[in-house]
Amino acid sequence: MSSFTLGLLVEAAVAILLVVTVGYCYILNIRLKRLRADRTALQTMITDLVRATDQANGAITQLRQTAIECDGMIHTRLSEAESFSIELAHHVNAGQSVMHKLAMIAQTARKASPEPAARPIKARAALDQLDQISRRDGEAA
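Residues numbered from 1 in each chain as written. Predicted model: local features only at pLDDT ≥ 70, side-chain atom pairs only at ≥ 80, totals over all residues. Heavy atoms only, no water.

1. Side note on the overall build of the chain
Then comes step 1: Looking only at helices and strands, the chain features 2 helices and 0 strands.
Then comes step 2: Taken against the 2.2 N^0.38 rule, which gives 14 Å for 141 residues, the C-alpha radius of gyration of the chain at 51 Å runs more than 25% over that of a compact globule.
Then comes step 3: Taken over the C-alpha atoms alone, the chain extends approximately 160 × 30 × 25 Å along its principal axes.
Then comes step 4: The buried share of the chain, taken over its 141 residues, is 4%.
Then comes step 5: Total accessible area on the chain is roughly 12400 Å²; 67% of this is exposed by carbon and sulfur atoms.
Then comes step 6: Each charge sign in the chain was given a centre, from 16 positive and 14 negative side chains, and these centres are 5 Å apart. (Helix = DSSP H or I, 4+ residues; strand = E, 2+ residues; numbered from the N terminus. Rg over C-alpha atoms; globule rule 2.2 N^0.38 Å. Buried < 20%, exposed > 50% of the residue type's maximum accessible area, 1.4 Å probe, protein only. Areas by Shrake-Rupley, 256 points an atom, 1.4 Å probe, with all protein chains shown as cover. Lys, Arg positive; Asp, Glu negative; His and termini not counted. Charge placed at Lys NZ, Arg CZ, Asp CG, Glu CD.)

Laid out in structure tokens, this is it:
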């Protein structure tokens with residue numbers, strides 16, 4: 001072969017390699033653009049995640065404060081309810097004591113005074129109820 005043919009073959013090989021290199025650089029350029037775009041999206045996502053985490057931490061702090069306040073209010077109301085319960089129990093006991101005393105007074109008055117010929121129906125019913133209550137309280141005691 002002549003030197004001309006050999007030079008032409010070398011030039012053709014260099015041209016082919018140059019075309020392959022340009023094609024590879026083009027593909028590499030496209031991939032680098034995608035990588036940069038993904039990097040920007042990733043940075044945006046990380047920024048959003050950090051912002052959401054900060055908001056969640058703030059919300060958790062507020063929830064803790066609210067829970068502490070609610071616990072204090074519940075404790076206060078529970079204490080008030082207990083004191084009202086004790087006071088109500090005292091009132092109920094005092095009322096039962098008064099009812100028992102009234103029943104005893106009614107029994108004593110009935111035994112001490114002679115029975116009238118005809119008592120009014122309402123008074124008789126009231127006295128019968130007092131007798132029943134006094135008997136029931138006597139049995140319960």
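So, next bit.
2. Comments concerning the pattern of salt bridges
Then comes step 1: As enumerated under the stated definition, the model contains 2 salt bridges in all.
Then comes step 2: Here Asp48 ties to Arg51 by a salt bridge, and the two come within 3.2 Å at their closest N and O atoms. Here Asp48 and its partner Arg51 are both found in helix H1 (residues 3-112), 3 residues apart, which amounts to about one turn of the helix.
Then comes step 3: Judged by its relative accessible area of 46%, Arg51 is partly exposed. (Salt bridge = Lys/Arg side-chain N within 4 Å of Asp/Glu carboxyl O.)

3. A few points about a nonpolar patch on the surface
Then comes step 1: Together, Tyr24, Leu28, Leu32 and Leu35 line one region of the surface with nonpolar side chains, adding up to about 400 Å² of accessible area.
Then comes step 2: Exposure remark for Leu28: the relative accessible area of 37% places this residue in the partly exposed category. (Patch = residues over 30% accessible without salt bridge, like charges linked within 9 Å, V, L, I, M, F, W, Y side chains within 5 Å.)

4. Concerning the side chain of Asp131
Then comes step 1: Here Asp131 lies in helix H2 (residues 121-140).
Then comes step 2: In contact with Asp131, not counting residues within four places along its chain, are Gln107 and Arg110. (Contact = heavy atoms within 4.5 Å.)

5. Considerations on the environment of His100
Then comes step 1: Among the secondary structure elements, His100 is positioned in helix H1.
Then comes step 2: Looking at His100, the relative accessible area reads 34%, which means it is partly exposed.
Then comes step 3: Between the alpha carbons of His100 and Arg135 there is a distance of 9.6 Å; along the sequence they are 35 residues apart.

Keep in mind these numbers describe shape, not what the thing actually does.
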